[in-house]
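Observations on the model geometry
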Amino acid sequence: MFFTGTKLSDLSKASVITILGGFISIGLAFYFFVELAGEVLEEEKFAVDKWATDVVMAIRTGGLGTFFGWVTELGSVRWIVIASIILAIYLLLSSLFSRWVLVYFAVNMLGISALTKVLKLSFERSRPEVLAEYDGTGFSFPSGHSTGAITYYGFLIYLVLSSSLSKQWKWGLNLFLGLVILLIGISRVYLGVHYLTDIAAGFTFGLAWLLVCISALEVTLWNQRRRQKGGK
């Protein structure tokens, strides 16, 4: 992992930048989410939502519909649960990662699931269109596909960054994972089951929760190494 020392002075520049950047991102994400959520509670109409709908209507084709129908499944509850179980088994059996990684991954995924449900029930925003075929049922704000995608695939990005892979592989894999997250969000708007502001809220809230879990994990790993070195 990033923390390889037992004292604050032992932390690498990458670790310090990661932690500071994480806390700044958490603050900005929460601020954006709170501002957006406040306007949703007041039932404000957003020009950006209408703009996104107009763009979708202008480019809608059968081929794109099929493509985004497949993409949106990558953020579905069913797939995220299956993928999370697979990753959890890998982390449990792998000797490359501390068991704390598995613990915080579980907190990351279970926590975002519960928080998303609470938020949906709190805001009770109706969807632009109800389509059970694409999991387009229930309340709309924030997008569950977006919160699930950014927390799951975002944690994968963290694992790739923490791995011993070459820089080229890290860049390639993480660009791909980032593109998957973005396309999942776009798919929800294209299929007409979410407003663009639902996606923005889902991404920002999910990112904030992800960074909280990763920051807590990094501090835990650092403390663990400090205790292990102190016991020698």
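Residues numbered from 1 in each chain as written. Predicted model: local features only at pLDDT ≥ 70, side-chain atom pairs only at ≥ 80, totals over all residues. Heavy atoms only, no water.

1. Digging into the overall build of the protein
The line we're drawing: Think of it this way: any DSSP run of H or I at least four residues long counts as a helix, any run of E at least two long counts as a strand, and we number them from the N terminus. Accessible surface area values rest on a Shrake-Rupley calculation with a 1.4 Å probe, where residue burial reflects the displayed protein chains alone.
Across its full length, the protein carries 8 helices and 0 strands. Listing the helices and strands of the protein from first to last along the sequence gives α-α-α-α-α-α-α-α. Total accessible area on the protein is roughly 12800 Å²; 70% of this is exposed by carbon and sulfur atoms.

2. Considerations on the pattern of salt bridges
Let me state the cut-off plainly: Salt bridges are defined by distance alone: a side-chain nitrogen of Lys or Arg within 4 Å of a carboxyl oxygen of Asp or Glu. Relative accessibility thresholds used throughout: buried, under 20% of the residue-type maximum; exposed, over 50%; partly exposed, between the two (1.4 Å probe, protein chains only).
Applying the stated criterion across every chain yields a total of 2 salt bridges. Ionic pairing is found between Asp54 and Lys50, a salt bridge with its closest N-O pair at 3.1 Å. Placement of both Asp54 and Lys50 in helix 2 (residues 47-59) is noted, with a separation of 4 residues, approximately one turn of the helix. Residue Arg78 is joined to Glu73 by a salt bridge in which the shortest nitrogen-to-oxygen separation is 3.3 Å. Residue classification places Glu73 among the partly exposed positions, given a relative accessible area of 24%.

3. Structural notes on unusual backbone geometry
In the segment running from Phe141 into Pro142, the intervening peptide bond is cis, with an omega of -5 degrees. Position of Pro142 relative to the elements: it lies in the loop between helix 5 (99-123) and helix 6 (144-162).

4. Examining the packing of helix 4 (residues 77-93) against helix 6
For clarity, the threshold we go by: For helices, the fitted axis covers only the stretch in contact; all axes are lines through C-alpha atoms, and the angles between them, taken along N-to-C directions, range from 0 to 180 degrees. Reported orientations rely on four angle classes, namely roughly parallel under 35 degrees, roughly antiparallel over 145, roughly perpendicular from 65 to 115, and oblique for the rest. Left-handed describes a crossing whose near helix is turned anticlockwise from the far helix through less than a right angle; right-handed describes the clockwise counterpart. Here, residues are in contact when the closest pair of their heavy atoms is within 4.5 Å. Residues are grouped as follows: Ala, Val, Leu, Ile, Met, Phe, Trp, Tyr, Cys and Pro are nonpolar; Asp, Glu, Lys and Arg are charged; every other residue, Gly included, is polar.
For the pair helix 4 and helix 6, the least separation of the axes is 11 Å and the interaxial angle reads 25 degrees. In terms of axis orientation, helix 4 runs roughly parallel to helix 6. Helix 4 and helix 6 meet at a crossing whose hand is left-handed. Across from Trp79, Ile80, Ala83, Ser84, Leu87 and Leu91 in helix 4, the residues of helix 6 making contact are Gly148, Tyr152, Tyr153, Leu156 and Leu159. Looking at the contact of helix 4 with helix 6 residue by residue, the class counts come to 9 nonpolar, 2 polar and no charged.

5. As for the side chain of Ser187
Positionally, Ser187 belongs in helix 7 (residues 167-190). Residue Ser187 is classed as buried on the basis of its relative accessible area, which comes to 0%. Excluding its chain neighbours within four sequence positions, the residues that come into contact with Ser187 are Phe68, Val71 and Thr72.

6. Some points on the confidence of the model for the protein
Rules: Confidence of the prediction at every residue is given by pLDDT, a number between 0 and 100.
For the protein, per-residue confidence averages 80 on the pLDDT scale, and 78% of positions sit at 70 or higher. Element-level pLDDT for the protein is lowest in helix 1 (residues 13-41), with a mean of 62, against a maximum mean of 94 in helix 6. Overall, residues 1-12 carries pLDDT values under 50, and its contacts beyond four positions in sequence, including any with other chains, amount to 33 contacts.

7. Section: the environment of Ala88
When you line up the elements, Ala88 lands in helix 4. For Ala88, a relative accessible area of 21% puts it in the partly exposed group. Along the backbone, Ala88 and Val103 are 15 residues apart, and their C-alpha atoms lie at a distance of 9.0 Å. Residues within four places of Ala88 in sequence aside, it is in contact with Leu102 and Phe105.

8. Description of helix 3 (residues 62-73)
Note the threshold: For a helix, the expected span equals 1.5 Å multiplied by the number of residues minus one. By definition, the arc is the one covered by directions from the helix axis to the C-beta atoms.
Taking 1.5 Å as the rise per residue, helix 3 with 12 residues should run 16 Å; its terminal C-alpha atoms sit 17 Å apart, in good agreement. Residues of helix 3 that are buried: Gly65, Phe68, Gly69, Val71 and Thr72. Viewed end-on, helix 3 has its buried residues packed into an arc of 165 degrees, placing them on one side of the element. Residues Gly63 and Trp70 are exposed on helix 3 and point more than 90 degrees away from its buried face. On its buried face, helix 3 is in contact with helix 6 and helix 7.

9. Details of the nonpolar core
Note the cut-off: To define a nonpolar core, start from buried Ala, Val, Leu, Ile, Met, Phe, Trp, Tyr and Cys residues and group those joined through side-chain atoms within 4.5 Å.
In terms of nonpolar packing, the biggest core is built from 37 residues, with Leu91, Tyr152, Tyr153, Phe155 and Leu159 touching the most fellow members. If you list the elements that add at least two residues to this core, you get helix 2, helix 3, helix 4, helix 5, helix 6, helix 7 and helix 8 (196-230). Of all the elements, helix 6 adds the most residues to this core, at 9 residues.

10. Comments concerning the environment of Leu183
Assignment of secondary structure puts Leu183 in helix 7. Remark: the alpha-carbon pair of Leu183 and Leu74, spanning 109 residues in sequence, is separated by 9.6 Å. Every residue in contact with Leu183, bar those within four places of it in the chain, is listed here: Phe67, Phe68 and Val71.

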